[in-house]
Amino acid sequence: MNIILLGAPGAGKGTQASRITETYGMPHISTGDIFRAHMKAETPVGIIAKSYIDKGQLVPDDITCEIVESRLAQDDCRKNGYMLDGFPRTIPQAEMLDGIEQIDAVINIDVDMSLLMDRLCGRRVCKSCGESYHVSRLNGSNTCEKCGGELFQRKDDNPETVSSRLQVYTAQTAPLIAYYTKKGLLINVQGGGTPDEVFVQVREKLDALNK
Ligand code: ADP
Ligand code: ZN
């Protein structure tokens, strides 16, 4: 099964993606994670990506598409399928993907815009395993419940950058909902609940597809 996870920043894509890939045994391809790895290693792609990501803008389509194409060509994606998290994010990216891959389902995690600002600005992420937490649930703790790793705040999770990311989402990514609806691939899931509540819905829908 080849799956796309769609949703605004803060909709909970990363959290659901980890659960889906653990449950169904498929690689988790997050363009955000790939860019962050490049930035950390200060590769040429990382240096370019940083200049966009720090401002809350999208990395240009040509760079992003090239990274995804080469990731999808790896062996682990050619077995049980894969889960794309954070790609496509623009119509041209979706068109590129259409040209090279067959997608089975697009899961859209739907969350009220008013919730997103708080979720993103309060987000803390585990340095080791990538799990996300909300600061209000941590009671001052700075360690990951899953692996004991140290938590940090992403540089692009500050109010200014977050509001620009949400604007970019509305202008460039939200049109993908109509795009995939037209293709009959869209599956809507209500993302306002807890990660477990959201995952129950995701699982039901994916199990129904698998039958
Ligand atoms: P979030 O979904 O929380 O905004 P991600 O970790 O998916 O965060 O992405 C972080 C940043 O990386 C984005 O704000 C954007 O600048 C860049 N990025 C990730 N995926 C893409 C993509 N498909 N196209 C362009 N830029 C991307
Ligand atoms: Zn962890």
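Anyway, here's the lowdown on the structure attached to this text. These numbers were taken from a predicted model, which means no experiment stands behind them.

**So, the overall build of the protein chain**
Link 1 in the chain: For the protein chain, the helix and strand inventory stands at nine helices and eight strands.
Link 2 in the chain: Taking 211 residues into account, the globule formula puts the C-alpha radius of gyration at 17 Å, and the protein chain, at 16 Å, falls close to it.
Link 3 in the chain: Once the C-alpha set of the protein chain is aligned to its principal axes, its extents read approximately 45 × 40 × 35 Å.
Link 4 in the chain: Taken across its 211 residues, the protein chain has 45% of its residues classed as buried.
Link 5 in the chain: Contacts in the protein chain between residues at least 24 apart in sequence constitute 70% of all its contacts with a sequence separation of at least 6.

**What to know about the sheet that holds strand β5 (residues 123–126)**
Link 1 in the chain: Strand order across the open sheet formed by three strands is β6-β5-β7, with antiparallel pairing between neighbours. Edge positions in the open sheet fall to β6 (132–134) and β7 (151–152), since each of these has one partner strand only.
Link 2 in the chain: The sheet contact formed by β5 and β7 spans two bridges and is antiparallel. Within β7, the residue paired with Val125 across the bridge is Phe152.
Link 3 in the chain: Strands β5 and β6 of the sheet are contacted by helix α6 (residues 113–121), whose axis makes an angle of about 45° with β5.

**A look at the site of ligand 1**
Link 1 in the chain: Within the structure, ligand 1 sits among 19 residues, and Thr31, Arg36, Gln57, Gly86 and Gln93 are positioned closest to it.
Link 2 in the chain: Between a nitrogen atom of ligand 1 and a main-chain N or O atom of Val59, the distance comes to 3.0 Å.
Link 3 in the chain: Across the complex, the protein chains shield 97% of the 550 Å² of accessible surface that ligand 1 would expose by itself.
Link 4 in the chain: Along the lines of polarity and charge, the residues of the shell around ligand 1 split into six nonpolar, six polar and seven charged.

**Concerning the pattern of salt bridges**
Link 1 in the chain: Enumeration according to the criterion identifies 15 salt bridges in this entry.
Link 2 in the chain: For Glu145, the salt bridge identified is with Arg137, shortest N-O distance 3.6 Å.
Link 3 in the chain: Look at Glu145 and you get exposed, because its relative accessible area is 62%.
Link 4 in the chain: Among the ionic contacts, a cluster of salt bridges with common partners joins Glu22, Glu131 and Lys146.

**Remarks on the coordination of the zinc ion (ligand 2)**
Around a metal, the perfect tetrahedron of four donors has angles of 109.5 degrees, and the perfect octahedron of six donors has angles of 90 or 180 degrees.
Link 1 in the chain: For the zinc ion (ligand 2), the protein coordination sphere consists of Cys126 (SG), Cys129 (SG), Cys144 (SG) and Cys147 (SG), at 2.3 to 2.4 Å.
Link 2 in the chain: Considering all four donor atoms around the zinc ion (ligand 2), the spread of angles at the metal, 99 to 116°, places the coordination shape in the tetrahedral class.
Link 3 in the chain: Counting along the primary sequence, the residues that act as donors to the zinc ion (ligand 2) give the motif C-x2-C-x14-C-x2-C. Of the two residues, Cys129 is situated in the loop between β5 and β6 and Cys144 in the loop between β6 and β7; the sequence distance between them amounts to 15 residues.

Criteria and thresholds
- Residues numbered from 1 in each chain as written.
- Chains lettered and ligands numbered in written order.
- Predicted model: local features only at pLDDT ≥ 70, side-chain atom pairs only at ≥ 80, totals over all residues.
- Heavy atoms only, no water.
- Helix = DSSP H or I, 4+ residues; strand = E, 2+ residues; numbered from the N terminus.
- Rg over C-alpha atoms; globule rule 2.2 N^0.38 Å.
- Buried < 20%, exposed > 50% of the residue type's maximum accessible area, 1.4 Å probe, protein only.
- Contact = heavy atoms within 4.5 Å.
- Pairing = 2+ DSSP bridges.
- Axes fitted to C-alpha atoms, helices over the stretch in contact; angles between N-to-C directions.
- Near = heavy atom within 4 Å.
- Polar contact = N/O pair within 3.5 Å; in protein donor to acceptor, adjacent residues only side chain to side chain.
- Areas by Shrake-Rupley, 256 points an atom, 1.4 Å probe, with all protein chains shown as cover.
- Nonpolar A, V, L, I, M, F, W, Y, C, P; charged D, E, K, R; others polar.
- Salt bridge = Lys/Arg side-chain N within 4 Å of Asp/Glu carboxyl O.
- Donors = N, O, S within 2.8 Å, 3.2 Å for Na, K, Ca; no water.
- Tetrahedral: all angles 85-135°; square planar, octahedral: opposite > 155°, others 65-115°.

Function-wise, these values are silent; they only describe arrangement.
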